[in-house]
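Observations on the model geometry
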Amino acid sequence: MQKVKCECGHVNPQGTHLCEACGRPLTEEERKRKVAEMRYEGTARRSQTYKRNIVDRIWQFFSSVKVGIWLIVVTLIASALGTVFPQAEYLPPGSTEAIYYEEEFGIFGKIFYQLGFHEMYAQWWYILLVASIGVSLVICSLDRFVPLYRALKHQRVKKADHFLKHQRLHSVTEHKNVSLDEMKKALEKKRYRVRSDGNHLLAEKGRFSRWGPYVNHIGLIIFLIGVMLRFSPDMYVQDHLWVREHETQPIPHSNGYYLENVDFEVEYYDPEANEGEYKEALERVGGNVVKAHKTDAIIYKRAEGTVPGEEPELEKVSEELIRVNHPLKIDGLTLYQMNYKPAELYRLTLGLDRNDTEDRVGTFTVDLSDERLMNDDEVVYDLGDGYEVTLSGYYPDYEVKEEWVDGEKQVNLGSKSKIPDNPVFVFEVTGPDIEEVERSVIGIGINVSAPDADNVYSLSLVQPDFRQATGLSVTKDRTLGIISVGGAIFMLGVIQGMYWTHRRIWVKNDDDEVWVSGHTNKNWFGLKRELDEVIAPFSLTSVVDRKEESKAKDSLKGSE
């Protein structure tokens, strides 16, 4: 783009309104202004000057403050929608998302799930929104910071008369001369940094406050980087691990570590032993109140050279006690004691009895941890003498589903989750004296034969076996430091921009006239008062606020 050369000799970028060096107006529009346009010192912003190609258009789009605000508003609305119902990571363990949302929240839950709001903060478009805010912050900052920094760096002490006369705060004292050295001392007492050039003075202080908004932006960008890094499993993990007693499970997101639940213990408050502050509360609550729950665990590491797919060879690392507020830290992960199940069904012993004689043919045990059950495979139990029981259907947390097919209502069994909270089994019985396969459905409070079937044999519950399970929260957050640094920098920018102001005072002593002009980025009343205090000992004319004067004139005309 073509440069613009001022009368003072300084070369300005195309689109500059006021010369960066002397402040002389470079456009006809600027010459007609009553008060100089000092926003960004009248310099050209790239977004308002370069409009040639697609890069310029993208830059122009993201440099708009309105665009940035709308991006933030849309992101906030999306974030709020994600909190209407629980996110998928906070559902009960083993829940099936498609079923859970519809059953718990009805049609709105179904729509919530189908739109992908159940994993809102991992959706590509949500990540794109957050990234767009970051891009907008970077471009907005560069688009404004660079020209402002360049203009403040190149500003000269001597300014054109037009620049001085068209400042918002200005005064002219005729037939008067002052000692610039005395004026300089008076300004320095007000903590101004003063430069002189001939019969001109430039006093300036608080320039660093102009960078407050850009420090804010830097803090926000670092904060957003920390938020974006939370989508990486190397930086952020929030998961759950359920381990039954005497069971060994791999620790999710770890590098080959396993945890064995050796023993799980729940401790309850003893109302009789608590004579102090808890007694009244325990009596009011009634029943058993949990005091603490803890897990005795053994940590293993998968041996090197283990072939994927084979049973891993584990090497013992350490023995640990995990308690509430006393987590286990391993491999960059933190395991918190968060939950437990006091009695989870894990084995079910059943007997096969002849209906007419009540003689028992035999018993068999269904192990709910059997992988064949998890894979929906058929499992055959041999009772001897030719009698076999086949598990043909397993529903860990069963529900009855009603569906309409071709105008007819059909009732089918289904499962809400893979956790055996309410299991139901479908068995098929065969034997030497059974002509046709006999089918039975067994569950908690359920023991029925197939409809219209005249079964010779029936299944009965012999013994259920329960065990405790510990619930551990597996977390890792390496982004917290980045987010904290971003937040701290943001607050520094807020303080920097709020509690300091950038003030400049120009003094010209020439031809028996003293010109005094002032500019600030905010708090004009404070600058005017400070200027009056500085010039009062020199008997100079008090400065006038041109904008306030113009408003008063307009108000007077309106009343007439």
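Presented here is an overview of the structure given in this document. Keep in mind that what you see is a predicted model, and the values were worked out from it rather than measured.

Observations regarding the overall build of the protein chain
Helix and strand counts for the protein chain stand at 14 helices and 24 strands. Relative to the compact-globule value of 24 Å for 560 residues, the protein chain shows a C-alpha radius of gyration of 39 Å, a clear excess of over 25%. When the backbone C-alpha atoms are referred to their principal axes, the protein chain occupies close to 130 × 65 × 60 Å. In the protein chain, once contacts between residues fewer than 6 apart in sequence are set aside, the share between residues at least 24 apart is 62%. Counting only carbon and sulfur atoms, one obtains 51% of the accessible surface of the protein chain, whose full area is about 31,800 Å². Distance from the positive charge centre (69 side chains) to the negative charge centre (87 side chains) of the protein chain: 24 Å.

Notes on the pattern of salt bridges
What the rule picks out here adds up to 28 salt bridges. Among the salt bridges present, the one from R360 reaches D353, with a minimum N-O distance of 2.8 Å. Overall, R360 belongs to the partly exposed group, its relative accessible area being 45%. In this structure, D370 engages R372 in a salt bridge whose closest nitrogen and oxygen atoms are separated by 2.9 Å.

Regarding empty space enclosed by the protein
Tallied over the full model, the rule gives 1 cavity of 30 Å³ or more. Taken as a whole, the largest cavity holds about 70 Å³ of empty space. Along the walls of the largest cavity sit L18, C19, E20, G23, M38, E41, A151, Q155, K159, F163 and R504, which together make up its complete lining. Its residues assigned to classes, the lining of the largest cavity shows 5 nonpolar, 2 polar and 4 charged.

Some points on unusual backbone geometry
In most cases, non-glycine residues show a negative phi, while peptide bonds are predominantly trans. A positive phi angle, near 60°, is found at D385, a position not held by glycine. Along the chain, the position of D385 falls in the loop between β14 (379–384) and β15 (387–395). Phi is positive for S539, close to 55°, though the residue is something other than glycine. Structurally, the position occupied by S539 is in the loop between α13 (524–535) and β24 (544–545).

Thoughts on the pairing of β15
Looking at chain direction, β14 and β15 are connected through 5 bridges and run antiparallel. When the sheet's bridge partners are listed, Y381 is paired in β15 with V389. Where β14 folds back onto β15 in an antiparallel hairpin, the turn is made up of 2 residues, including D385, whose phi is positive at roughly 60°. In terms of strand pairing, β15 meets strand β18 (residues 424–430) through 7 bridges, oriented antiparallel. Note on β18: the bridge partner recorded for Y395 is V424.

Here we look at α13
Under the 1.5 Å per step criterion, the end-to-end length of α13 is 16 Å for 12 residues, consistent within 8% with the ideal 16 Å. Looking at α13, one finds that the buried residues are W524, G526, L527, E530, L531, V534 and I535. Viewed along the axis of α13, the buried residues span an arc of 155°, placing them on a single side of the element. Turned more than 90 degrees away from the buried face of α13 sit F525 and R529, all of them exposed. Among the structural elements, β3 (169–174), α8 (180–189), β5 (200–205), β22 (503–510), β23 (513–520) and β24 are those in contact with the buried residues of α13.

Describing the sheet that holds β3
The strands making up a sheet associate through hydrogen bonds between their backbones, and the pairing can be parallel or antiparallel. Here 6 strands make up an open sheet; going across it, the order is β4-β5-β22-β23-β3-β24 and the pairing antiparallel. Each edge of the open sheet carries a strand with a single partner, namely β4 (193–197) and β24. Set on the sheet, α8 makes contact with β4, β5 and β22; between it and β5 the angle comes to about 5°.

Quick notes on the packing of aromatic side chains
One pass over the full model with this rule turns up 25 aromatic pairs. With centroids separated by 5.8 Å and ring planes inclined at 15°, the aromatic side chains of F145 and Y149 adopt a geometry described as stacked. Of the two residues, F145 and Y149 are both situated in helix α6 (residues 124–154); the distance of 4 residues between them amounts to about one turn of the helix. On the accessibility criterion, Y149 (41% relative accessible area) is partly exposed. Here the aromatic rings of F425 and F427 are separated by 5.9 Å at their centres, their planes lie at 25°, and the arrangement is stacked. When sorted by exposure, F425 lands in the same class as F427, which is buried. Counting every residue linked through ring pairs, the aromatic cluster contains F85, Y100, Y101, F105, F112, Y113, F117, Y121, W125 and Y126. The ring of F163 has K159 sitting right over it, with the charged end atom 4.9 Å from the ring centre. Geometry around Y257 places K301 over its ring, the cationic atom sitting 5.2 Å from the centre.

About the cut-offs
Residues numbered from 1 in each chain as written. Predicted model: local features only at pLDDT ≥ 70, side-chain atom pairs only at ≥ 80, totals over all residues. Heavy atoms only, no water. Helix = DSSP H or I, 4+ residues; strand = E, 2+ residues; numbered from the N terminus. Rg over C-alpha atoms; globule rule 2.2 N^0.38 Å. Contact = heavy atoms within 4.5 Å. Areas by Shrake-Rupley, 256 points an atom, 1.4 Å probe, with all protein chains shown as cover. Lys, Arg positive; Asp, Glu negative; His and termini not counted. Charge placed at Lys NZ, Arg CZ, Asp CG, Glu CD. Salt bridge = Lys/Arg side-chain N within 4 Å of Asp/Glu carboxyl O. Buried < 20%, exposed > 50% of the residue type's maximum accessible area, 1.4 Å probe, protein only. 1 Å grid on protein atoms, 1.4 Å probe; cavity = no way out; pocket = protein on both sides within 12 Å on 5 of 7 lines; lining within 4 Å. Points joined across faces, edges and corners; volume = space filled by probe spheres on them. Nonpolar A, V, L, I, M, F, W, Y, C, P; charged D, E, K, R; others polar. Pairing = 2+ DSSP bridges. Expected span 1.5 Å × (residues − 1). Arc of directions from axis to C-beta. Axes fitted to C-alpha atoms, helices over the stretch in contact; angles between N-to-C directions. Phe/Tyr/Trp six-rings, centres within 6.5 Å; stacked < 30°, edge-to-face > 60°. Lys NZ or Arg CZ within 6 Å of the ring centre and 35° of its normal.

So far we have only geometry, and geometry alone does not tell us how the molecule works.
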